[in-house]
Amino acid sequence: MESDKESIWYCVILNSSCISSWFDLESPNIMKLSHLWKGIIRSCVKNKIVWDCFINSVSVTLGTGSRIRFWKDNWLETPLLNQFPELFRLNRNKDGIISSFLNSDQPGLFDFSWSRRLRIGEQHQLFLLVHQLPRPDQLLQVEDKFVWRRNKSFTSASMTELLFLLTANQHQISSVLLLRVWKERLPPRIQFFVWLLARDRISSKESLVSRGIIDQEQSYCLLCAEVESELHIVLHYMFAWKFWSFILLDCGITWVPPLFLDGIFIQWTSLSVGRYKNFWKLVWYFGIWNLWKARNKWMFQHATTDIKSLVFSMICKSVEFYKDQHHDFPYSERCLSLD
C-alpha cells in the first residue's frame, strides 16, 4: 500500500496519469488519463460498491500527516467526515492533508477555517473533535503508512474475496443494467431478457429450485457440475468464458472474468471509447442473448454449438441491427462474411 517514489512503476504511473497518491483516483484529471486508467476509474472508482469496499478496508498509521487527508481518510476509528458531517460541510479545507491543519503560529494547535461562525451546538462538536485528535507536537517524523486489512499485503484476490463476502448474502439486483436497459436501442426480446437477467429472474436451474419447480439435486450444470445460476450461464460456465475470451483475444485483450453481472458490463463498456462505443456495447447485449439461446439449444435439443460459429453469427446480427440504426456505419454482414 505504500508508494516507493523511487520505483519505476511509481514514475510510470505519475508521468502517464498524473496520479501521485491513491486518493488522487477520486478526482483525477480525465484529460491526462490514458485509456487504461480511464477504464480503471470507470470500473473501480466510479462503482460505489467496489470503491467503498476498498476505502473501508484501508487504514492508515499516522506519521508526519503529509499524505493523509484530515477529513476523508480512515486515520482514527472512522473517517472524521462521517463522525462530524456538519463540521465537514462548514470547513473550507475539505480535501486538506493533516499537516495543512497545523497552526504555524501556535505549533501545539490545529487550525480550522470555517465558512461562517460556529453555533453553540457546532462548537460542542468541535470540542469533541479536537478532544480525540493527537497533539500536533506528537506527530512522528516518519512517513504516513497505509495498511490493508490488519497489516496484510494487498492482492487482487483479497479484494475479490471482500467483494464476494460483501454481496454474497445480499443477492443484489444489478442496478447499473436496470437503470440503462430500457434506454438502450435493442431488439425488444433482448431488452426484456437483459431486464430479467439483471433482476435475477431468468429460468436457470438455481432459479427453478428457489421456486420449487425442480429439486436441489437437479440444480447443477450437467457439463461442469457447478450450480447453474444466471451468472454461470452468461459468464462463468466454461463455454461462456471461452466465448468472451475468443472475442477479446482477437482484439488483443487478456481478461479475468468478474464475479458479478454489473462487473462484466462495466468492464466491457470501458474497453471502447469514441465513435463506435455503442456498437461495442451492443455486441455485449447480443452476446449474452446468444449464450442463453445456445444453452437452451443444448438443454432441450441436445445440439452443440461451435464457439467460433456462435461468435460470427452474433457479430453479424449485431452489425445488421446497428447498421439499420446508423446508415453511415462502414461495415456490413456481407463484409464480415468475405473476411
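Please read these numbers as outputs of a predicted model, since none were measured by experiment. Residue positions are counted from 1 within each chain, in the order its sequence is given. Side-chain atom pairs in this predicted model are given and counted only at pLDDT of 80 or more, local residue features only at pLDDT of at least 70, and totals for whole chains, interfaces and linings cover all residues. Calculation of side-chain values draws on the structure's entire complement of heavy atoms; hydrogens and water are dropped beforehand.

Quick look at the overall build of the protein chain now. The number of helices and strands found in the protein chain is 16 helices and two strands. Type-normalised accessible area, obtained with a 1.4 Å probe on protein chains alone, sets the label of each residue: buried when under 20%, exposed when over 50%, and partly exposed for intermediate values. The 339 residues of the protein chain split such that 41% are buried. Contacts are assigned to residue pairs that have any heavy atoms within 4.5 Å of one another. Contacts in the protein chain between residues at least 24 apart in sequence constitute 58% of all its contacts with a sequence separation of at least 6. Helix and strand definitions follow DSSP, with helices as H or I runs of at least four residues and strands as E runs of at least two, each counted in order from the N terminus.

Note on placement: S210 falls in helix α10 (residues 205-210). Judged by its relative accessible area of 61%, S210 is exposed. From its side chain, S210 meets the backbone oxygen of S207 in a polar contact 2.6 Å long. Side-chain atoms alone can form a polar contact between residues adjacent in sequence; in general such a contact is a pair of N or O atoms within 3.5 Å, and within protein one must be able to donate a hydrogen while the other accepts it.

If you look at the biggest cluster of nonpolar residues, it comprises 47 residues, and the most contacted ones within it are W244 and W284. For this core, the elements supplying multiple residues, two or more each, are α9 (188-198), α11 (230-236), α12 (238-250), α13 (261-270), α14 (277-301) and α15 (307-325). Per-element accounting of this core gives the leading share, twelve residues, to α14. We define a nonpolar core as any set of buried Ala, Val, Leu, Ile, Met, Phe, Trp, Tyr and Cys residues linked to one another through side-chain atoms lying within 4.5 Å. Within the second largest apolar cluster, 37 residues are counted, among which are V58, L133, M159 and L162.

With that out of the way, let us pick up the packing of α12 against α15. To get an axis, fit a line to the C-alpha atoms, keeping to the stretch in contact for a helix; angles then go from 0 to 180 degrees between the N-to-C directions. Packing of α12 against α15 brings their axes to within 10 Å, and their N-to-C directions diverge by 60°. On the basis of their axis angle, the class for α12 and α15 is oblique. With respect to the hand of their crossing, α12 and α15 are arranged in right-handed fashion. Here F239, K242, F243, F246 and I247 of α12 lie close against α15, whose contacting residues are I307, K308, L310, V311 and M314. Should an angle fall under 35 degrees it is called roughly parallel, over 145 degrees roughly antiparallel, and 65 to 115 degrees roughly perpendicular, with every other angle called oblique. By definition, turning the near helix anticlockwise from the far helix through less than a right angle yields a left-handed crossing, and turning it clockwise yields a right-handed one.

For the rest of this paragraph, the subject is a positive patch on the surface. A patch consists of residues whose relative accessible area exceeds 30% and which take part in no salt bridge; residues with like charges are grouped when within 9 Å of each other, and nonpolar side chains (Val, Leu, Ile, Met, Phe, Trp, Tyr) when within 5 Å. Exposure was quantified through the Shrake-Rupley algorithm and a 1.4 Å probe, taking into account, for residues, occlusion by the shown protein chains and nothing else. We define a salt bridge as a contact between a side-chain nitrogen of Lys or Arg and a carboxyl oxygen of Asp or Glu at a distance within 4 Å. When charges are counted, Lys and Arg are positive and Asp and Glu negative, with His and the chain ends excluded. Where a charge lies is defined by one atom per residue type: Lys uses NZ, Arg uses CZ, Asp uses CG and Glu uses CD. Taken together, the side chains of R42, R180, K183 and K277 define a basic patch exposed on the protein surface. With respect to the secondary-structure elements, R180 resides in helix α8 (residues 175-180). Judged by relative accessible area, R180 falls into the partly exposed class, the value being 38%.

On to the pattern of salt bridges. One pass over the structure, following the stated rule, counts seven salt bridges. With a closest N to O distance of 3.1 Å, K281 and E184 form a salt bridge. Of this pair, K281 sits in helix α14 while E184 sits in the loop between α8 and α9, and the two are 97 residues apart along the sequence. Judged by its relative accessible area of 14%, K281 falls in the buried class.

With that settled, consider α12. To estimate how far a helix should extend, the number of its residues minus one is multiplied by 1.5 Å. Here α12 contains 13 residues, and its C-alpha end-to-end distance of 18 Å stays within 8% of the 18 Å for a straight helix at 1.5 Å per residue. All of the buried residues in α12 are F239, A240, F243, W244, S245, I247 and L248. With its phi angle positive at about 80°, G252 sits one or two positions after the end of α12.

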